[in-house]
Amino acid sequence: MTTAIAICKIRLPDPLAEQVHTGLYDKAGNAIVKKSSRVILSGQFFEEEDAHSLAELIGMGAARLPTAAELAERDRAAQEN
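Residues numbered from 1 in each chain as written. Predicted model: local features only at pLDDT ≥ 70, side-chain atom pairs only at ≥ 80, totals over all residues. Heavy atoms only, no water.

Novice: Kindly report on helix H1 (residues 51–60), identifying the contributing residues and their values.
Specialist: A distance of 3.1 Å separates the backbone nitrogen of His52 from a side-chain oxygen at the start of H1, and that oxygen is part of Asp50. Of the residues flanking the end of H1, it is Gly61, one or two places downstream, whose phi is positive at about 80 degrees. (Polar contact = N/O pair within 3.5 Å; in protein donor to acceptor, adjacent residues only side chain to side chain. Helix = DSSP H or I, 4+ residues; strand = E, 2+ residues; numbered from the N terminus.)

This is the structure we're talking about:
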């Protein structure tokens, strides 16, 4: 698992996705559902298991690896809370 930082808002498939009702119905009256997704906000730290997916996000400019100082600051802030 690798820690990264989102540069922009990222929406990823949720491995534990649930079907979520959209509040809409089709012409036959059936509920329209969609899979839930994982949203990572700009500037947020996140963990990624798949090295290939992380490399793609970094290549697109959507994420980057944090510096040692950023990781230390995050850990220090977590201890204070």
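Novice: Talk me through the nonpolar core; I want residue IDs and the actual numbers.
Specialist: Soluble globular proteins tend to bury their nonpolar side chains together. Judged by nonpolar contacts, Ala4, Ala6, Ile10, Leu12, Ile40, Phe46, Leu54, Leu57, Ala62 and Ala63 together constitute the single largest core of 10 residues. With sequence-adjacent residues up to four places away left out, Leu54 is seen in contact with Thr2, Ala4, Phe46, Glu48 and Leu65. (Core = buried A, V, L, I, M, F, W, Y, C linked by side-chain atoms within 4.5 Å. Buried < 20%, exposed > 50% of the residue type's maximum accessible area, 1.4 Å probe, protein only. Contact = heavy atoms within 4.5 Å.)

Novice: Explain the sheet that holds strand E7 (residues 63–64) to me, and be specific about the residues and the numbers.
Specialist: Reading across the sheet, the 3 strands line up as E6-E1-E7 and stay open at both edges, with antiparallel pairing between neighbours. Either end of the sheet is taken by a strand with one partner, and the two such strands are strand E6 (45–48) and E7. In the sheet, strand E1 (residues 2–6) pairs with E6 via 4 bridges, with the strands oriented antiparallel. Along E6, the bridge assignment pairs Ala4 with Phe46. Of the strands in this sheet, E1, E6 and E7 are in contact with H1, which crosses E6 at around 140 degrees. Across the face of the sheet, helix H2 (residues 68–80) comes into contact with E1, E6 and E7 while running at roughly 105 degrees to E6. (Pairing = 2+ DSSP bridges. Axes fitted to C-alpha atoms, helices over the stretch in contact; angles between N-to-C directions.)

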